[in-house]
Amino acid sequence: MAEKWQVTFEIYRQKQGEKAHFVRFSLDVNPEEYVLDGVERIWAFKDRSLCFSHACHHSTCGACGMVVNGVEKLTCITPIREVTKNGGVIRVEPMRNFPVISDLSVDMTSLFARMEAVGHLAVVPVLYEDSKGRSAESEEMLRLSDCIECGLCISACPIAATTPAYLGPAVLAGAQQSGQLTPCVLEMVDSEDGAWRCHSAYECSEVCPSHVDPGWRIMDLRKKIITLRVRSFFGKK
Ligand code: SF4
Ligand code: FES
């Protein structure tokens, strides 16, 4: 028989013009259920005015990012057992460093626009190895890119918290991944609010649910920027 726990969800609430506050909901759960299941159950059976974002329920769309007991999580793949115990509390807040639209839902327009500006592709070619171990791109097959644009890395970033102008880990990692840096992208990332603003806290890599490792990618992007600048100083392309 499935294990039963009773837990308390403390949910951040804030409608436009309202002061932020928390509302508590007691819920019977199976600890193997996900945090998003609990939030959905609260919406379905206790409070239909609760606003939150979700879509795929299997860590692909990037819509369900929230702060759970102080840590950025993709709530559709975060088991309740991982964040609390029987009789415990699950505090659910919207992601940090994005404007709150309503309750747990945030406005991620700036992230999507910047990802587009640095040429981040949502789907990328599949790489394969031929019989001689040479790596090549498949011309026919595509796969979803590693970064699902969930925004968790930006929410966790202590530098993003200091200024909304900072491009942020996902965008800088997107530029690093997008292959060649065009002059326009180079101007964006080689700037005060680009790769040089990062303080190497690596909080981004800690919370990334998709193994993008944005912290490492920002360091690699810096190397790419320096190489390009040195080459251009000596008149090479
Ligand atoms: S880098 Fe990772 S945490 Fe950041 S948006 Fe992409 S998938 Fe999410
Ligand atoms: S609902 Fe799509 S990633 Fe969680």
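Along each chain, residues carry numbers from 1 onward, in the same order as the chain's sequence is written. Chains and ligands are labelled by the order in which they are written, letters from A for the one and numbers from 1 for the other. A pLDDT threshold of at least 70 governs which residues receive local features in this predicted model, and a stricter bar of 80 or more applies before side-chain atom pairs are shown or counted, although totals over entire chains, interfaces and linings include all residues.

(A) Fine view of the domain arrangement of the chain. Where each domain begins and ends follows an automated or database-derived domain assignment. Assigned domains of the chain: these are domain 1 (5-106) and domain 2 (109-120 + 147-233). Taking only C-alpha atoms into account, the centre of domain 1 sits 28 Å from that of domain 2. With 14 residues of domain 1 at the contact, the number on the domain 2 side is 13 residues. Going along the chain from the N terminus, every DSSP run of H or I of four or more residues is numbered as a helix, and every run of E of two or more is numbered as a strand. Of all the elements in the fold, those that place two or more residues in the side of domain 1 that touches domain 2 are β3 (65-68) and β4 (71-74). The element that contributes the greatest number of residues to the side of domain 1 that touches domain 2 is β4, accounting for three residues. Throughout this entry, Asp, Glu, Lys and Arg are counted as charged residues, while Ala, Val, Leu, Ile, Met, Phe, Trp, Tyr, Cys and Pro are counted as nonpolar. The remaining residues, Gly among them, count as polar. Residues belonging to the side of domain 1 that touches domain 2 are distributed by class as follows: seven nonpolar, five polar and two charged. This entry defines residue contacts through backbone-placed C-beta atoms, with two residues in contact when those atoms are within 7 Å.

(B) Looking closely at the site of ligand 1. Taken together, 14 residues sit near ligand 1, with C147, C150, C153, A170 and C208 positioned nearest. Secondary-structure elements contributing two or more residues to the shell around ligand 1 are α4 (152-156) and α5 (169-177). Each residue belonging to the shell around ligand 1 can be placed in one class, and the counts come to eleven nonpolar, two polar and one charged. Each residue receives a C-beta atom built from its backbone; the residue is near a molecule or strand if that atom lies within 6 Å of it.

(C) Representation of the pairing of β4 within the structure. Any two strands with at least two DSSP bridges between them are considered paired. Across four bridges, β3 lies against β4 in antiparallel orientation. Across the sheet, M66 pairs through a bridge with K73, a residue of β4.

(D) Quick look at helix α1 (residues 35-45). Residues with at least 20 neighbouring C-beta atoms inside 10 Å of their own are called buried, those with 12 or fewer are called exposed, and the rest are partly exposed, where every C-beta is derived from the backbone. Of the residues making up α1, those classed as buried are V35, L36, G38, V39 and I42. The buried residues of α1 occupy one face: seen down the axis, they fall within an arc of 160°. Exposed residues on α1 whose side chains face more than 90 degrees from its buried face are A44 and F45. Tucked into the core, α1 has its buried residues touching β1 (5-13), β2 (21-29), β3, β4, α2 (80-83) and β5 (89-93). Summarising the geometry, the arc corresponds to the directions from the helix axis toward the C-beta atoms.

(E) Representation of the nonpolar core within the structure. In terms of nonpolar packing, the biggest core is built from 57 residues, with V35, V92, C153 and L172 touching the most fellow members. The dominant element in this core, judged by the number of residues it contributes, is α5, at five residues. Among the domains, domain 1 (5-106) and domain 2 (109-120 + 147-233) are the pair contributing at least three residues each to this core. By our criterion, buried Ala, Val, Leu, Ile, Met, Phe, Trp, Tyr and Cys residues that link up through C-beta atoms within 7 Å make up a nonpolar core.

(F) A look at the environment of R222. Secondary-structure assignment places R222 in helix α8 (residues 214-233). Measuring from C-alpha to C-alpha, the distance between R222 and V189 comes to 8.9 Å, with 33 residues separating the pair along the chain.

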